[in-house]
Amino acid sequence: MLWNKSLKTMKSDANREVLFALGLCAKAGKLVYGVPMVCEALKKQKSVVAVFSANDNSPNSQKRLSDRCTYYGIPLHTLSIDGDMLSSAVGKSGRLAALAVTDQNLCGLVLSKLTKDTQNDNIEN
């Protein structure tokens, strides 16, 4: 199974926790998948709380997400995870460039794990 192999090769426990939190959001059905669907959810002003993007997005996708999130006042977080790892964490095949979380409490969980990740990075440097 790709998910188990990729988790074993992952170096950071904080990244693993972020992926587990995103997997929980997916299991709860509180995610919007992919750049076009995230942009459409923002445009229709659905209850998007935060947007998370992979670190290996194309410049066009990153700009599109950044512009939309800035316009609608939604925080955009670029993860230190590539698109393949992100898609396998939420149970999708292929590569996934962006996710939007639509639940406030689950978004808080992901952000707490993400904050823990950035604190660990600052301590190591």
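Calculation notes
Residues numbered from 1 in each chain as written. Predicted model: local features only at pLDDT ≥ 70, side-chain atom pairs only at ≥ 80, totals over all residues. Heavy atoms only, no water. Buried < 20%, exposed > 50% of the residue type's maximum accessible area, 1.4 Å probe, protein only. Helix = DSSP H or I, 4+ residues; strand = E, 2+ residues; numbered from the N terminus. Pairing = 2+ DSSP bridges. Salt bridge = Lys/Arg side-chain N within 4 Å of Asp/Glu carboxyl O. Axes fitted to C-alpha atoms, helices over the stretch in contact; angles between N-to-C directions. Contact = heavy atoms within 4.5 Å. Arc of directions from axis to C-beta.

### Observations concerning the pairing of strand E2 (residues 50–53)
Residues of E2 alternate between two faces, with Ala50 and Phe52 on one and Val51 and Ser53 on the opposite face, all of them buried. Note that E2 and strand E4 (residues 98–101) share four bridges and pair antiparallel. When the bridges of E4 are listed, Ser53 appears paired with Ala98. Sheet topology places E2 next to strand E3 (residues 76–78); three bridges connect them, and they run parallel. Bridge assignment links Phe52 to a residue of E3, and that residue is His77.

### Let's talk about the pattern of salt bridges
Considering all chains together, one arrives at three salt bridges under this definition. Lys44 is the salt-bridge partner of Glu40, the closest N and O atoms lying 3.3 Å from each other.

### Focus on the sheet that holds E4
Pairing is mixed in the open sheet, where four strands are placed in the order E1-E4-E2-E3. The two strands at the open ends of the sheet, each matched to only one other strand, are strand E1 (31–33) and E3. Adjacent strand axes in the sheet meet at a mean angle of 20° when their direction is disregarded. Relative to the sheet, helix H4 (residues 59–72) contacts E2, E3 and E4, its axis offset from that of E3 by approximately 150°.

### Section: the pairing of E4
Walk down a regular strand and you will see the side chains alternate between the two sheet faces. Across the two faces of E4 the burial is the same, with Ala98 and Ala100 and Leu99 and Val101 all buried. The pairing of E1 with E4 spans three bridges and is antiparallel. Bridging across to E4, Tyr33 finds its partner in Leu99.

### Structural notes on helix H3 (residues 35–43)
Every buried residue of H3 is accounted for by Val35, Val38, Cys39, Ala41 and Leu42. Viewed end-on, H3 has its buried residues packed into an arc of 160°, placing them on one side of the element. With respect to the buried face of H3, the exposed residues turned more than 90 degrees away are Pro36 and Lys43. Check the buried side of H3 and you find it contacts E1, E2, H4 and E4.

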